[in-house]
Amino acid sequence: QVQLVESGGGLVQAGGSLRLFCAVSGRTFSSYPMGWFRQTPGKEREFVATIGRSGGYTYYADSVKGRFTIFRDNAKNTVILQMNSLKLEDTAVYYCAAANKVLVTRAAEYDYWGQGTQVTVSS
């Protein structure tokens, strides 16, 4: 069983930065490609970023490319999402997820999920 716990969400002004953390426990963390998604009420869960098992591969949604950075620390079983230049439209619940294959951007292809952390960007 793999357990994921997100933290780091909160309220931030537009243009500001926030760092989200996802702590993973259970089976070998380094064997899982990881991803971040986000969701707003009434909408489907939206892909944000993904990172390969060793951290050498990353891929981003166009909406966050150049502003967000995903990275991981396999020694600490943690994946991090650094969010810069935040916009009002980045407001959402952010979820961390673990997959069993790389290059996946669909939520249905992720096997394990955290409970989510709220990010609110204000004007």
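Here, the structure is the one placed above.
Residues numbered from 1 in each chain as written. Predicted model: local features only at pLDDT ≥ 70, side-chain atom pairs only at ≥ 80, totals over all residues. Heavy atoms only, no water.

**Section: the pattern of salt bridges**
- Here the structure, examined in full by the defined rule, presents six salt bridges.
- In this structure, the salt-bridge partner of D90 is R38, at a minimum N-O distance of 2.9 Å. Taken together, the positions of D90 in the loop between strand 8 (78-83) and strand 9 (92-99) and R38 in strand 4 (residues 34-39) put the pair 52 residues apart, joining distant regions of the chain. Take D90 and R38: they sit in the same class, and that class is buried.
- In this structure, a network of salt bridges that share partners links the residues R38, E46, R67 and D90. (Salt bridge = Lys/Arg side-chain N within 4 Å of Asp/Glu carboxyl O. Helix = DSSP H or I, 4+ residues; strand = E, 2+ residues; numbered from the N terminus. Buried < 20%, exposed > 50% of the residue type's maximum accessible area, 1.4 Å probe, protein only.)

**Here we look at the packing of aromatic side chains**
- With the rule as written, the count across this model stands at seven aromatic pairs.
- Look at Y32 and Y112: their rings are 5.9 Å apart centre to centre, the planes differ by 90°, and that puts the pair in the edge-to-face class. You can see Y32 sitting in the loop between strand 3 (18-25) and strand 4 and its partner Y112 sitting in strand 10 (residues 110-113), a full 80 residues away along the chain.
- The class of Y32 is buried, set by a relative accessible area of 4%.
- Among the aromatic residues, those joined into a cluster by ring pairs are F37, F47, Y59, Y95, Y110 and W113.
- Above the plane of the ring of Y95 lies R45, whose end atom (NZ or CZ) is 3.7 Å from the centre. (Phe/Tyr/Trp six-rings, centres within 6.5 Å; stacked < 30°, edge-to-face > 60°. Lys NZ or Arg CZ within 6 Å of the ring centre and 35° of its normal.)

**Looking at the nonpolar core**
- Core analysis: the largest hydrophobic core is formed by 36 residues, its most contacted members being L4, M34, W36, V79, L81, M83 and Y94.
- The element that contributes the greatest number of residues to this core is strand 9, accounting for six residues.
- Sequence-distant contacts of L81, that is, excluding residues within four places in its chain, are made with L18, R19, L20, W36, V48, A49, F68, T69, I70 and Y94. (Core = buried A, V, L, I, M, F, W, Y, C linked by side-chain atoms within 4.5 Å. Contact = heavy atoms within 4.5 Å.)

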